[in-house]
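In case you want the letters, here they are:
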Amino acid sequence: IKVNPQPVSGAAGSNETICKGESTTISVSGYTGTIEWESSPNNATWTMIGGATSDSYNTGALNTTTYYRAKVGTLCDTAFSNVVTITVDSLPDAGTISGPTTVCVGTDITLTLSGYEGNIQWQDSAQGDAGWNDIETPADSYNRTNLTDTTYYRVYVETDNCGNDTSAVHEIITIEN
C-alpha cells in the first residue's frame, strides 16, 4: 500500500514594492506536492493563474498592488503558502501648471497644478532656466501676493520609490499699469 503524503505549503518569498509597469519573480520553497499559483486584487478573492505550476512565478508588468500565494496539493489535501504582497508604487508625473501668464505689477496670483502623481515641491526663479528656489507649499495650488517682477514657476514631484519628475516652466510676465 502506498501512502500519499499530506501537502506541505512551503514559504513563498517576502513582500516587495515595485514601480508601476515593472514585474518581479516570486518563489516558493520547502513544499511537498504540486503547485498552482493564485493571485488576488484584494487578498480575499483568489484566482488560479493558468499555467503557473512551477516553484517560481514571474508576475509580468503590474499596474496595481496584487497578492500572490502558492496552492500546494497532493491526492489527499491542499495547503496554501503565505501570501506575498507586491505593492505597486505610481510613477512620478509633475502634471500641468495653470494660471495667469501676464499680470499687472502688484497683482495677487494663484497657480494650480493638475494631473500630478507624487509629493509636490513648488519652485520659482527670476531667470527661468537656473536659480530655482523651493517654495514651502506642498499643496496643488500656490498663492503669491503682490507680484512685482516677471517670475518663472515649476513643480518638482517625487515618489517614495520610483523617482522624480519636473513640470514645464510657467512664466508670469508683469507689466506696469
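The structure we're discussing is the one just above.
Residues numbered from 1 in each chain as written. Predicted model: local features only at pLDDT ≥ 70, side-chain atom pairs only at ≥ 80, totals over all residues. Heavy atoms only, no water.

Side note on the overall build of the protein chain
If you tally the helices and strands in the protein chain, you get zero helices and 18 strands. Over its C-alpha trace the protein chain gives a radius of gyration of 26 Å, far above what one expects of a compact globule, namely 16 Å for 177 residues. Its C-alpha atoms put the protein chain at 100 × 25 × 25 Å along the principal axes. By residue count, 35% of the 177 residues in the protein chain fall in the buried class. Residue pairs in contact within the protein chain that sit at least 24 positions apart in sequence constitute 60% of those at least 6 positions apart. Carbon and sulfur atoms make up 44% of the accessible area of the protein chain, which amounts to about 9,700 Å² in all. (Helix = DSSP H or I, 4+ residues; strand = E, 2+ residues; numbered from the N terminus. Rg over C-alpha atoms; globule rule 2.2 N^0.38 Å. Buried < 20%, exposed > 50% of the residue type's maximum accessible area, 1.4 Å probe, protein only. Contact = heavy atoms within 4.5 Å. Areas by Shrake-Rupley, 256 points an atom, 1.4 Å probe, with all protein chains shown as cover.)

What about the nonpolar core?
Core analysis: the largest hydrophobic core is formed by 16 residues, its most contacted members being Ile26, Trp37, Tyr57, Tyr68 and Ile86. Secondary structure elements with two or more residues in this core: strand S3 (25–29), strand S4 (34–40), strand S7 (66–73) and strand S9 (84–89). If near-sequence neighbours (up to four positions away) are discounted, Ile26 is found in contact with Trp37, Asp55, Ser56, Tyr57, Tyr68, Val84 and Ile86. By size, the runner-up hydrophobic cluster in this structure holds 15 residues, among which are Ile97, Ile109, Trp122 and Val157. (Core = buried A, V, L, I, M, F, W, Y, C linked by side-chain atoms within 4.5 Å.)

Re the sheet that holds strand S12 (residues 107–114)
Strand order in this open sheet of three strands is S10-S12-S15, and the pairing throughout is antiparallel. Strands at the two margins of the open sheet, each flanked by one partner only, are strand S10 (96–98) and strand S15 (141–147). Taking the axes of each pair of neighbouring strands and ignoring which way they run, one obtains an average angle of 20 degrees across the sheet. Examined bridge by bridge, S12 and S15 share five bridges and lie antiparallel to one another. (Pairing = 2+ DSSP bridges. Axes fitted to C-alpha atoms, helices over the stretch in contact; angles between N-to-C directions.)

Looking at the sheet that holds strand S6 (residues 56–58)
With respect to topology, three strands assemble into an open sheet ordered S1-S3-S6, the strand pairing being antiparallel. A single partner strand is all that each edge strand has here, and the edge strands are strand S1 (11–12) and S6. Inspection of the sheet shows S3 paired to S6 by three bridges, in the antiparallel sense. Its bridge partner being in S6, Ile26 is matched across the sheet by Tyr57.

Points about the packing of aromatic side chains
Counted under the stated rule, the structure contains four aromatic pairs. On the basis of an interplanar angle of 50 degrees and a centroid distance of 5.6 Å, the ring pair of Tyr142 and Tyr153 is categorised as tilted. Placement of Tyr142 in strand S15 and of Tyr153 in strand S16 (residues 151–158) is noted, with a sequence separation of 11 residues between them. Exposure class is identical for Tyr142 and Tyr153. Each is buried. Three or more aromatic residues link up through ring pairs in this structure, and these residues are Trp37, Tyr57 and Tyr68. Above the ring of Phe80, the side-chain terminus of Arg69 is found at 4.0 Å from the ring centroid. (Phe/Tyr/Trp six-rings, centres within 6.5 Å; stacked < 30°, edge-to-face > 60°. Lys NZ or Arg CZ within 6 Å of the ring centre and 35° of its normal.)

A word on the environment of Asn146
Its place among the elements puts Asn146 in strand S15. Owing to a relative accessible area of 44%, Asn146 belongs among the partly exposed residues under this scheme. Along the sequence, Asn146 and Gln6 sit 140 residues apart, while their C-alpha atoms lie 77 Å from each other. Not counting chain neighbours up to four residues away, the residues in contact with Asn146 comprise Gly106, Thr107 and Asp108.

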